[in-house]
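# Geometric and topological summary
Here is how the chains run, residue by residue.
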Amino acid sequence: RASRFSSICASKLSAPRGTAPPPSLCLRGPAMAEPVAMNGLKVHAHELAARDIGEWMVNTPELLEAHEAHNAGVLRTRFPPEPNGYLHIGHAKSMFMNFQLSFERLGVPKDSRRTVFRYDDTNPESESHEYVESLYHDLRWMGWEPEKVTYTSQYFPELYDMAVRLIRDGKAYVCHQQKDEIEEDRLRAFARAQMRRKVAEGKAGPEELEALPRPSCPYRDRPVEESLKLFEDMRRGVFDESEAVLRLRMDWDSDNPNMWDQVAYRVRFSPHPNSGDKWCIYPTYDYTHCIIDSIEHIDYSICTLEFENRRESYYWVLWALDLFRPNVYEMSRLNVEYTQLSKRKLIKLVDTGF
């Protein structure tokens, strides 16, 4: 059912349109052929221009000033694989894009190029030291020299504090819905998104939209102090793994499924390869990767096209926390005929002796 829902959303829902913000407040304005100023450099920003989603991606002058002061004279990307498998030829393309091609397209001088190698280690059950060592070995074997090596897990305290801030601001809440209940709400949101489109096209009336049931999570409007206490209980291990999650209070009326109150934290009683048993709650990729991009002063966050519809949620989190918003750019995945490019399936081949 979940895979059916995902495929339906991918094929029938498009991301919502945004109002273009003033170019002077963004690192990336409308596509232009002329170089633009960025961190004291002149770059061809139009070469990596992408879809504008409106006000959430707008940096304030203060955020821009602080970022450009930190990155003066350099431009920074990142290569952030999860240490849950071995690198393959698809990762080789990503490395080439993040360590070289993106800078060439932007016209960045070689001595101003910086790329962070980050382990995106938020899933302790599937990660190990073997993969950590293997990823770095292969990165260096390919000839790439990162500016520095970081781990998402090294930021766990900051990520937790930011989650608390989101709760205090009414932008996150502890939820006890089970997986099938969350899925039911998402199916309702999907049905309403389809009907909104029909109404906009004149194929249905507003009354038909209002007749459809809305998502109805009973915990979404719980008091802030209650969610704060329950989130602390999650951290202390009071709840079992399926009993509670922290969700972001986003927008059920969005046409983008990634805006339907994403899970930010879940309970996992698994030791972490890097942080050990210090934590029993772990943040999700959708919550962490935008925040770490901002903390590490990334200028261009480059990913593959299946993440394109996560652009809204990426910028929503940074907007909610008033953090610097990097540029986001999506590239096509590398697919090779008769070649397996799934880490999960490649691990199975290795583990079974093939």
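Above this text sits the structure in question.
Quick summary incoming for the structure in this document. (Residues numbered from 1 in each chain as written. Predicted model: local features only at pLDDT ≥ 70, side-chain atom pairs only at ≥ 80, totals over all residues. Heavy atoms only, no water.)

### Some remarks on the packing of aromatic side chains
- Under the defined criterion, the tally for this structure stands at 18 aromatic pairs.
- For the pair tyrosine 160 and tryptophan 279, a centre-to-centre distance of 5.8 Å together with 50° between the ring planes defines the contact as tilted. Of the two residues, tyrosine 160 is situated in helix H5 (residues 156-168) and tryptophan 279 in the loop between strand E8 (263-267) and strand E9 (281-283); the sequence distance between them amounts to 119 residues.
- Among the residues examined, tyrosine 160 registers a relative accessible area of 10% and is labelled buried.
- An aromatic cluster is defined as three or more aromatic residues linked by ring pairs; in this entry it consists of Phe156, Tyr160, Phe231, Tyr265, Trp279, Tyr282 and Tyr287.
- Over the aromatic face of tryptophan 319 sits the side chain of lysine 171, whose NZ or CZ is 5.5 Å from the ring centroid.
- Directly above the aromatic system of tyrosine 160 lies the positively charged group of arginine 235, at a separation of 6.0 Å from the ring centroid. (Phe/Tyr/Trp six-rings, centres within 6.5 Å; stacked < 30°, edge-to-face > 60°. Helix = DSSP H or I, 4+ residues; strand = E, 2+ residues; numbered from the N terminus. Buried < 20%, exposed > 50% of the residue type's maximum accessible area, 1.4 Å probe, protein only. Lys NZ or Arg CZ within 6 Å of the ring centre and 35° of its normal.)

### So, the pattern of salt bridges
- According to the stated counting rule, one finds 24 salt bridges in the structure shown.
- As a salt-bridge pair, glutamate 147 and arginine 76 come within 2.8 Å of each other at their nearest N and O atoms. With a gap of 71 residues between them, glutamate 147 in the loop between helix H4 (129-141) and strand E5 (148-151) and arginine 76 in strand E3 (residues 75-79) connect regions that are remote in the sequence.
- Assessed through its relative accessible area of 34%, glutamate 147 is described here as partly exposed.
- Of the residues examined, arginine 76 reaches a relative accessible area of 6% and is grouped as buried.
- The network of salt bridges with shared partners includes Arg78, Arg118, Asp293 and Glu296. (Salt bridge = Lys/Arg side-chain N within 4 Å of Asp/Glu carboxyl O.)

### Describing the packing of H5 against helix H8 (residues 224-235)
- Direction vectors running N to C along H5 and H8 enclose 160°, while the axes themselves pass 9 Å from each other. Comparing their axes, H8 and H5 come out roughly antiparallel. With respect to the hand of their crossing, H5 and H8 are arranged in right-handed fashion. Counted together, Tyr160, Ala163, Val164, Ile167 and Arg168 of H5 and Val224, Glu225, Ser227, Leu228, Phe231, Glu232 and Arg235 of H8 form the full contact between these two elements. (Axes fitted to C-alpha atoms, helices over the stretch in contact; angles between N-to-C directions. Parallel < 35°, antiparallel > 145°, perpendicular 65-115°, else oblique. Left-handed = near helix turned anticlockwise from the far one by under 90°. Contact = heavy atoms within 4.5 Å.)

### So, the side chain of asparagine 256
- Checked against the element boundaries, asparagine 256 lands in the loop between strand E7 (245-248) and E8.
- A distance of 2.7 Å separates the side chain of asparagine 256 from the backbone oxygen of asparagine 309, its partner in a polar contact. (Polar contact = N/O pair within 3.5 Å; in protein donor to acceptor, adjacent residues only side chain to side chain.)

### Here's the deal with the nonpolar core
- Grouped together as the largest cluster of nonpolar side chains are 43 residues, with contacts concentrated most on Phe231, Met234, Leu246, Tyr265, Tyr287 and Ile291.
- Mapped onto this core, the elements with two or more residues apiece are H5, strand E6 (172-175), H8, E7, E8, E9, helix H9 (285-295) and helix H10 (311-321).
- By residue number, the principal contributor to this core is H5, which donates 8 residues.
- Every residue in contact with tyrosine 287, bar those within four places of it in the chain, is listed here: Leu159, Met162, Ala163, Leu166, Ala264, Tyr265 and Val317.
- Ala45, Leu48, Leu75 and Val108 belong to the second largest nonpolar core, which has 15 residues in total. (Core = buried A, V, L, I, M, F, W, Y, C linked by side-chain atoms within 4.5 Å.)

Don't take any of this as a statement about function, it's just geometry.
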